[in-house]
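Take a look at the letters that make up each chain.
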Amino acid sequence: MSDDGWGELILRSTRVITPEGTRAASVAVSGGKITAVLAHDVEVPAGARLEDFGDDVLLPGLVDTHVHVNDPGRTEWEGFWTATRAAAAGGITTLVDMPLNSLPPTTTVDHLRTKKDVARSKAHIDVGFWGGALPDNVKDLRPLHDAGVFGFKAFLSPSGVDEFPELDQEQLALSLAEIAGFDGLLIVHAEDPHHLAAAPQKSGQRYADFLASRPRDAENTAITNLIAQAKRLNARVHVLHLSSSDALPLIAAAKAEGVRITVETCPHYLTLTAEEVPDGASEFKCCPPIREAANQDLLWQALADGTIDCVVTDHSPSTADLKTDDFATAWGGISGLQLSLSAVWTEARRRGYGLEDVVRWMSSRTAQLVGLDDRKGAIAVGHDADFAVLAPDETFTVDPAALQHRNRVTAYAGRTLHGFVRSTWLRGERIVADGEFTEPRGQLLSRRP
């Protein structure tokens with residue numbers, strides 16, 4: 001540590017995004033923590049190292065609370081080594097792994113232990129875990145909570161993998177009552193199976209047919225039912241990957257009534273539109289689907305007014321062979337982990353939003369969602385020294401070959417994006433810069449008691 005006791009490393013920029021706003025500052029770091037946020041021209045103490053980023057923006061590392069790592073069991077789809085490298089390359093310093101698509105799914109304490117054993121030596125960034133709520137594992141929910149998962153994911157319609165079945169309304173009530181008993185959090189894929197079953201189902205390459213097979217009513221009805229259950233039980237619920245703008249008035253009214261509900265959306269819903277999806281281009285397929293431009297405009301308005309709380313990737317990769325040109329049978333999931341910050345920033349700046357807004361949606365509020373806001377998601381004294389250094393005006397064209405994802409299939413291929421991540425820092429250590437990575441330094445995170 002330096003002679004005056006407040007820093008062994010000083011990170012300096014004319015644009016540092018703090019909870020109080022953006023300002024020129026020098027950020028002191030010691031022992032992996034932020035020890036002071038000081039004037040830009042502060043004298044660097046003897047023994048401290050200075051990193052001056054000039055006019056590049058220093059922002060808190062992003063916290064992505066919706067990532068499918070698929071490890072172990074489907075590591076040919078993704079894995080902790082590749083997923084966390086991709087995240088680091090995109091300015092993400094913390095992710096929370098979804099409980100499905102790995103084998104086994106994270107639905108018991110033993111399965112959580114298996115997942116941690118696999119992740120421990122491969123994590124380039126900090127990693128936490130969601131548990132899963134299945135029809136037959138109500139007895140496992142409290143033990144998983146006590147073991148440190150950040151909450152529980154449930155599907156209300158088929159998940160796409162047999163080992164993670166959905167909950168019907170009675171099962172949802174049982175799981176939610178159990179979770180509410182220890183004030184846990186249930187995060188929900190909210191599409192109603194009856195509306196999906198009634199929708200026209202056509203195979204083929206036409207995106208319009210796929211869009212019609214996942215109607216907005218499926219989301220709206222599922223969210224209506226979830227709000228009713230949460231209100232009855234005074235339970236904490238979170239709506240995953242909202243795509244239907246029709247549900248926004250329902251959510252706003254529930255929040256106004258004091259229902260304990262939060263909502264996320266994803267970069268692909270905010271930056272891609274149904275009108276631009278080429279037929280047969282199943283790299284754009286996800287569930288719920290990318291909808292029309294007018295729907296997208298309303299999602300942005302809801303982000304601005306707080307009806308939608310945060311933005312997360314829902315990074316859900318697969319092997320390239322599963323992305324067939326038939327939308328009915330292709331794997332549904334978009335890979336966006338490395339590109340999420342740049343994609344959202346590109347559209348946000350076009351719509352008149354600032355980087356402070358992006359940081360709020362993708363770092364501070366996601367940290368708050370999982371109870372890590374005492375150490376993640378802000379450049380503030382006492383927080384982990386996790387940072388991204390961003391050149392916000394620099395553009396690049398997305399080349400799939402340059403991605404760190406295990407399978408380099410992306411809906412963003414060929415798009416020109418603003419915001420180039422120059423380096424990423426974890427607890428005061430630079431973990432990636434100019435495409436060069438350190439050995440894994442990530443820690444496994446648990447929910448705070």
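Structure report, in brief. Fair warning: this is a prediction, and the values are worked out from it, not measured in the lab.

**Concerning the overall build of the protein chain**
So, point 1. Along the protein chain, the regular secondary structure elements total twelve helices and 18 strands.
So, point 2. Since a compact globule built from 449 residues should have a radius of gyration of about 22 Å, the 21 Å found for the protein chain is in line with a globular shape.
So, point 3. C-alpha atoms of the protein chain, sized along the principal axes, occupy 70 × 45 × 45 Å.
So, point 4. Look at the contacts in the protein chain between residues 6 or more apart in sequence, and 74% of them connect residues 24 or more apart.

**Considerations on the pairing of strand E2 (residues 21–30)**
So, point 1. Among the ten residues in E2, seven count as buried, and that is most of the element.
So, point 2. As judged from the eight bridges shared by strand E1 (residues 9–18) and E2, these two strands associate in the antiparallel manner. Within the sheet, the bridge partner assigned to Ile10 lies in E2 and is Ala28.
So, point 3. Between E1 and E2, which pair antiparallel and follow one another directly, the connecting turn spans two residues.
So, point 4. Sheet topology note: the E2/strand E3 (residues 33–39) ladder contains six bridges and is antiparallel. Along E3, the bridge assignment pairs Ser30 with Lys33.
So, point 5. Hairpin connection from E2 to E3: two residues lie between these consecutive antiparallel strands, with Gly31 at a positive phi of about 60 degrees.

**Some details on helix H8 (residues 248–257)**
So, point 1. Listed in full, the buried residues belonging to H8 are Leu248, Ile251 and Ala254. Each buried residue of H8 lies within a common arc of 130 degrees when the element is viewed along its axis, so the set occupies one face. Along H8, the residues that are exposed and aim more than 90 degrees away from the buried face are Pro249, Ala256 and Glu257.
So, point 2. On its buried side, H8 packs onto helix H7 (216–233), strand E13 (261–265) and helix H10 (293–305).
So, point 3. Positive phi shows up at Gly258, right after H8, with a value of about 95 degrees.

**Looking at the nonpolar core**
Nonpolar side chains in soluble globular proteins tend to be buried together.
So, point 1. If you look at the biggest cluster of nonpolar residues, it comprises 98 residues, and the most contacted ones within it are Phe152, Leu186 and Leu242.
So, point 2. Looking at which element gives the most residues to this core, the answer is helix H1 (residues 80–89), with six residues.
So, point 3. The contact partners of Leu186, leaving out residues within four places of it in the chain, are Ala133, Phe152, Ala154, Leu172, Leu176, Ile179, Arg236, Val237 and His238.
So, point 4. Listed in part, the 18 residues of the second largest apolar core include Val96, Leu240, Val370 and Leu445.

**Points about the pairing of strand E7 (residues 92–97)**
Consecutive residues of a regular strand have side chains that alternate between opposite faces of the sheet.
So, point 1. The buried fraction of E7 amounts to six of the six residues, a majority that puts the element mostly inside the structure.
So, point 2. On the question of chirality, the crossover connecting strand E6 (residues 62–67) to the parallel E7 by way of H1 is right-handed.
So, point 3. In this structure, E7 lies alongside strand E8 (residues 126–129), joined through four bridges in parallel fashion. Following the sheet pairing, Val96 is matched in E8 by Gly128.

**Some details on the sheet that holds E8**
So, point 1. Read from one edge to the other, the open sheet built from three strands follows the order E6-E7-E8, with strand pairing classed as parallel. One side of each edge strand has no neighbouring strand; the edge strands of this open sheet are E6 and E8. Neighbour-to-neighbour, the strand axes of the sheet open up by a mean angle of 20 degrees, direction not taken into account.

Criteria and cut-off values
Residues numbered from 1 in each chain as written. Predicted model: local features only at pLDDT ≥ 70, side-chain atom pairs only at ≥ 80, totals over all residues. Heavy atoms only, no water. Helix = DSSP H or I, 4+ residues; strand = E, 2+ residues; numbered from the N terminus. Rg over C-alpha atoms; globule rule 2.2 N^0.38 Å. Contact = heavy atoms within 4.5 Å. Buried < 20%, exposed > 50% of the residue type's maximum accessible area, 1.4 Å probe, protein only. Pairing = 2+ DSSP bridges. Arc of directions from axis to C-beta. Core = buried A, V, L, I, M, F, W, Y, C linked by side-chain atoms within 4.5 Å. Right-handed = clockwise from strand over helix to strand, strands pointing away. Axes fitted to C-alpha atoms, helices over the stretch in contact; angles between N-to-C directions.

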